[in-house]
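What follows is each chain in one-letter form.
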Amino acid sequence: MPRELVDCHTHTRYSDGTPTVGENVARAAELGLTTIACTDHFVLPPDIDPRCEVSVPAGDVDAYFADVAAARAAHPDVDVVLGWECDYYDGCETYIERYRGDATFLLGSVHMIDRRWIDDGDDLSYWDERGTTYVWERYFDTWCAACACPVGFSSMAHPDLVRKFGRIPDDATLLTRLFDAAACAARDAGVHVEVSSAALLTVTHSFYPTSALLVRFCQAGVPITVGSDAHRAERIGDHVAELYDYAWTAGYRSVDVPTSDGSWRKVEL
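A quick note: this is a predicted structure, and the numbers were derived from the prediction, not measured.

### Remarks on the pairing of strand β4 (residues 105-109)
- With respect to burial, β4 is a largely interior element, five of its five residues being buried.
- Side chains Phe105, Leu107 and Ser109 project from β4 onto one buried face, and the interleaved Leu106 and Gly108 project onto a second face that is buried too.
- Judged from the five bridges that link them, strand β3 (residues 79-87) and β4 form a sheet pairing that is parallel. Residue pairing across strands places cysteine 86 opposite glycine 108, the latter belonging to β4.
- Since β3 and β4 lie parallel, the crossover through helix α3 (residues 92-99) that links them has a hand, and here it is right-handed.
- Taken together, the two bridges between β4 and strand β7 (residues 155-156) define a ladder with parallel strand orientation. The residue of β7 that forms the bridge with leucine 107 is serine 155.

### Considering the packing of helix α6 (residues 172-189) against helix α7 (residues 211-219)
- Relative orientation of the contacting elements α6 and α7 amounts to 35°, with a least axis distance of 9 Å. Relative to α7, α6 is oriented so that their crossing is right-handed. Contacts between α6 and α7 pair Thr176, Phe179, Asp180, Ala182, Ala183 and Ala186 from the former with Ala212, Leu213, Arg216 and Phe217 from the latter.
- Looking at the contact of α6 with α7, its residues break down into seven nonpolar, one polar and two charged.

### Re the sheet that holds strand β9 (residues 224-227)
- Pairing is parallel across the open sheet formed by seven strands, whose spatial order is β1-β2-β3-β4-β7-β8-β9. Taken across any chain shown, the strands that pair with only one partner, and hence form the sheet edges, are β1 (6-7) and β9.
- Taken together, the two bridges between β7 and strand β8 (residues 192-196) define a ladder with parallel strand orientation. Within the sheet, the bridge partner assigned to serine 155 lies in β8 and is histidine 192.
- On top of the sheet, helix α8 (residues 240-250) reaches β1, β8 and β9; it is set at about 150° to β9, its chief contact.

Parameters at a glance
- Residues numbered from 1 in each chain as written.
- Predicted model: local features only at pLDDT ≥ 70, side-chain atom pairs only at ≥ 80, totals over all residues.
- Heavy atoms only, no water.
- Buried < 20%, exposed > 50% of the residue type's maximum accessible area, 1.4 Å probe, protein only.
- Helix = DSSP H or I, 4+ residues; strand = E, 2+ residues; numbered from the N terminus.
- Pairing = 2+ DSSP bridges.
- Right-handed = clockwise from strand over helix to strand, strands pointing away.
- Axes fitted to C-alpha atoms, helices over the stretch in contact; angles between N-to-C directions.
- Left-handed = near helix turned anticlockwise from the far one by under 90°.
- Contact = heavy atoms within 4.5 Å.
- Nonpolar A, V, L, I, M, F, W, Y, C, P; charged D, E, K, R; others polar.

Below is the structure:
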């Protein structure tokens with residue numbers, strides 16, 4: 001019997017994607033997905049994203065909610081989960097409380113250190129200024145802090161995003177320390193961690209997180225969600241079946257799936 005497929009990380013033109021909410025959900029229905037989480041990039045302060053190039057403008061939040069509701073009505077066979085991908089930074093709680101609305105699924109993520117973007121391929125100045133080891137250490141420190149954010153993130157996205165450009169420290173002891181810290185932080189905070197196919201689009205041509213880190217999450221008893229991080233409708237559900245196999249190899253036997261009513265359910269692997 002085919003395994004049930006879900007996608008718990010997707011984007012639309014409201015933030016930095018290209019499709020509409022309706023196009024993403026229609027694609028999920030076409031593929032037979034049972035759940036799709038709408039997780040556009042959450043509203044950011046003007047000093048971080050002044051032109052709303054990557055985040056939903058505050059004035060568009062109600063329209064985003066309305067489009068999610070319309071997509072649910074149009075595709076009753078798909079559980080359409082209202083969510084956000086929330087960048088973690090000092091003071092993010094105030095914005096999240098103000099604009100989250102009825103979202104039942106919050107993906108925590110780290111794309112910035114000291115309010116400097118570290119995943120923008122057009123601007124790697126922070127990496128050049130600080131060096132690879134520093135960026136990795138500060139990234140994991142920030143990611144671990146995000147796990148314990150008082151808003152209570154549902155799952156933590158791409159825990160080793162810093163692999164994106166292939167700039168990886170050659171100190172195995174450092175990587176072991178950082179990976180162990182991440183596993184402990186997620187376990188202690190009681191958050192899920194996302195397994196994602198997004199890294200296939202980077203120079204690593206792999207999944208997030210790397211296998212050594214995913215094994216540590218499993219050994220620590222950290223539950224997982226899965227997602228494509230799709231920014232185009234044709235990438236909805238991308239490689240989810242392979243993500244299941246990847247998680248199985250790391251020791252997982254199920255993935256957790258958020259629902260539109262705020263509860264959780266399991267998909268057995």
